[in-house]
Amino acid sequence: MDLEARSLQPNVKVVLLAKLREYKSDLNNLKSEHKRLASANSNQAARDDLLESGMADAMSVSANQRGRLMMSTERLNESSDRIKESRRTMRETEELGVSILQDLHQQRQSLLHANDTVFLLLKVPYRHHLLTGKFEGKDEKEINEERRKKEQVKEIKMLF
């Protein structure tokens with residue numbers, strides 16, 4: 001394998017040679033550990049080492065899992081807080097919208113009432129003029145101004 005790795009391209013060769021050295025080192029470690037465990041004198045010591053390392057691995061895995069679980073729980077809590085804040089903002093926005101709509105409704109009612117009042121004020125003298133043929137002391141300019149106002153009122157009514 002060493003020869004094959006050396007014959008490849010430089011960028012791949014570096015990675016493969018490093019892995020190969022690591023594998024050789026692991027193999028040598030395993031061989032020495034096997035010899036140590038196989039010997040009769042260290043049989044009990046090897047058994048104790050295995051049990052301790054197994055417990056250490058289990059503790060390490062447990063601590064690792066606990067850490068990931070705590071991180072996930074923290075992220076979940078942060079997401080929940082953001083959702084609560086979003087809902088609070090949504091409620092405030094909705095309340096503001098309702099308030100604005102109520103204000104607009106009141107303003108519309110005021111405008112309609114003012115429109116009706118102006119219409120009635122313009123309508124009464126104009127009707128009197130039609131019935132009697134008299135201008136009630138008003139000149140033609142004032143009558144034309146009243147007609148113009150009446151047309152403006154009609155245009156305003158058409159908008160609503």
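Structure shown above.
Since we're looking at a predicted model, the values are computed, not measured.

Draft legend 1. Spotlight on the overall build of the chain. The helix and strand inventory of the chain stands at four helices and zero strands. Listing the helices and strands of the chain from first to last along the sequence gives α-α-α-α. Excluding contacts between residues fewer than 6 apart, the proportion of contacts in the chain whose partners are at least 24 apart in sequence is 39%. Here the chain has roughly 14,000 Å² of accessible surface; of this, 58% comes from carbon and sulfur atoms.

Draft legend 2. Spatial organisation of the pattern of salt bridges. Under the defined criterion, the tally for this structure stands at three salt bridges. With a closest N to O distance of 2.3 Å, Arg-88 and Glu-92 form a salt bridge. Placement of the pair is Arg-88 and Glu-92 together in helix 3 (residues 43-132), with a separation of four residues, close to one helical turn. What makes Arg-88 partly exposed here is its relative accessible area of 34%. Of the charged contacts, one joins Arg-148 and Glu-145 as a salt bridge, the two residues approaching to 2.2 Å between their closest N and O atoms. Here Arg-148 and its partner Glu-145 are both found in helix 4 (residues 140-159), three residues apart, which amounts to about one turn of the helix. Within this structure, Glu-85, Arg-88 and Glu-92 form a network of salt bridges that share partners.

Draft legend 3. A look at a nonpolar patch on the surface. On the surface, Leu-96, Ile-100, Leu-101 and Leu-104 cluster together to form a nonpolar patch covering roughly 400 Å² of accessible area. Assignment of secondary structure puts Leu-104 in helix 3. The class of Leu-104 is partly exposed, set by a relative accessible area of 47%.

Analysis parameters
- Residues numbered from 1 in each chain as written.
- Predicted model: local features only at pLDDT ≥ 70, side-chain atom pairs only at ≥ 80, totals over all residues.
- Heavy atoms only, no water.
- Helix = DSSP H or I, 4+ residues; strand = E, 2+ residues; numbered from the N terminus.
- Contact = heavy atoms within 4.5 Å.
- Areas by Shrake-Rupley, 256 points an atom, 1.4 Å probe, with all protein chains shown as cover.
- Salt bridge = Lys/Arg side-chain N within 4 Å of Asp/Glu carboxyl O.
- Buried < 20%, exposed > 50% of the residue type's maximum accessible area, 1.4 Å probe, protein only.
- Patch = residues over 30% accessible without salt bridge, like charges linked within 9 Å, V, L, I, M, F, W, Y side chains within 5 Å.

Scope: geometric values only; no functional claims are made or implied.
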